[in-house]
Amino acid sequence: MKKIYIVLVILSSLVLASCSSTQSLAEYFADSAENPNFLKFDLPSSILNIKSGDLTEDQFNAFKSLKKLNILAFKKNESNTADYEIEHLKIKRILKGKDFVELMKVKTSLGKATIKYLGTEDAIDELIVYGNNKEMGFIVVRVLGDNMKPSNMMQLLGALEKSDFKGEGLEKLVDWIDN
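Of the residues in the protein chain, 71% reach a pLDDT of 70 or more, and the chain-wide mean stands at 78. Within the protein chain, the lowest mean pLDDT, 43, falls on helix α1 (residues 2-18), and the highest, 95, falls on helix α4 (residues 81-95). pLDDT under 50 marks residues 5-20. Its contacts with residues more than four places away, or in other chains, come to zero contacts.

This is how it looks when you write it as structure tokens:
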């Protein structure tokens, strides 16, 4: 009986050890939804008001691969500095995961940004834009799609230039930041 108990303890330990304790980005978004420091919302790709007749075939294929945007923003203020530090470290730890491939880092007058993706070089499933400003907070944008191609990202920017998008759907974010 004692040997069975020992074997069960060892098997249980192995099972628990093999479970990843690292939170996924999707789980982080879900867990943060109820936190009053965060604003979370989703935007469908249709909000971009892109008319397929105005696009080249490459631009249309790039746009067609885009499904939606998940946006999560943390607004820093004097009363939540400690929460900001905790959440900032959590998101950085998640984005340092081995599945994320870094495309570029950008430093602007507004802060720092990192662009990463999940998937392969030929088929991106998720593009992540993480922007951080130590005074204002941070924002994480998940661009979700099917088999998005890095070469098509420039085509998508060209398609956006032809769109009638005037920031619709982002009012919630702008109002939240201003208040």
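From this point, the narrative continues.
When its volume is computed, the second largest pocket comes out at roughly 420 Å³. Residue lining of the second largest pocket: 18 residues in total, with Lys92, Lys105, Lys112, Thr114 and Tyr130 positioned closest to the centre. Of all the secondary structure elements, the ones that give two or more residues to the lining of the second largest pocket are α4, β3 (101-108), β4 (111-119) and β5 (124-133). Partitioning the lining of the second largest pocket into residue classes produces four nonpolar, six polar and eight charged.

Most of β5 is tucked away: eight of the ten residues are buried. Following β4, the chain reverses through four residues before pairing antiparallel with β5. Inspection of the sheet shows β5 paired to strand β6 (residues 137-148) by nine bridges, in the antiparallel sense. Note that in β6 the partner of Ile128 across the bridge is Arg142. Hairpin connection of β5 to β6: three residues between the antiparallel strands.

For helix α2 (residues 25-32), the full list of buried residues reads Leu25, Tyr28, Phe29 and Ser32. For α2, the angular spread of the buried residues around the axis is 100°, confining them to a single face. The exposed set on the far side of α2, more than 90 degrees from its buried face, consists of Ala30 and Asp31. Buried residues along α2 sit against β1 (38-44), β2 (66-75), α4, β5 and β6.

Okay, the sheet that holds β4 next. Read from one edge of the open sheet, six strands run β1-β2-β6-β5-β4-β3, paired in antiparallel fashion. Looking at strand neighbours, the two that pair on one side only are β1 and β3, the edges of this open sheet. In this sheet, adjacent strand axes meet at a mean angle of 15° when their direction is disregarded. Pairing between β1 and β2: seven bridges, direction antiparallel. When the sheet's bridge partners are listed, Phe41 is paired in β2 with Ile71. Strands in contact with helix α3 (residues 57-65) are β2 and β6; relative to β2, the strand with the most contacts, it is inclined by about 55°. The sheet contacts of α4 involve β1, β2, β4, β5 and β6, and relative to β5 the element is tilted by about 150°.

Analysis parameters
Residues numbered from 1 in each chain as written. Predicted model: local features only at pLDDT ≥ 70, side-chain atom pairs only at ≥ 80, totals over all residues. Heavy atoms only, no water. pLDDT = per-residue confidence, 0-100. Helix = DSSP H or I, 4+ residues; strand = E, 2+ residues; numbered from the N terminus. Contact = heavy atoms within 4.5 Å. 1 Å grid on protein atoms, 1.4 Å probe; cavity = no way out; pocket = protein on both sides within 12 Å on 5 of 7 lines; lining within 4 Å. Points joined across faces, edges and corners; volume = space filled by probe spheres on them. Nonpolar A, V, L, I, M, F, W, Y, C, P; charged D, E, K, R; others polar. Buried < 20%, exposed > 50% of the residue type's maximum accessible area, 1.4 Å probe, protein only. Pairing = 2+ DSSP bridges. Arc of directions from axis to C-beta. Axes fitted to C-alpha atoms, helices over the stretch in contact; angles between N-to-C directions.

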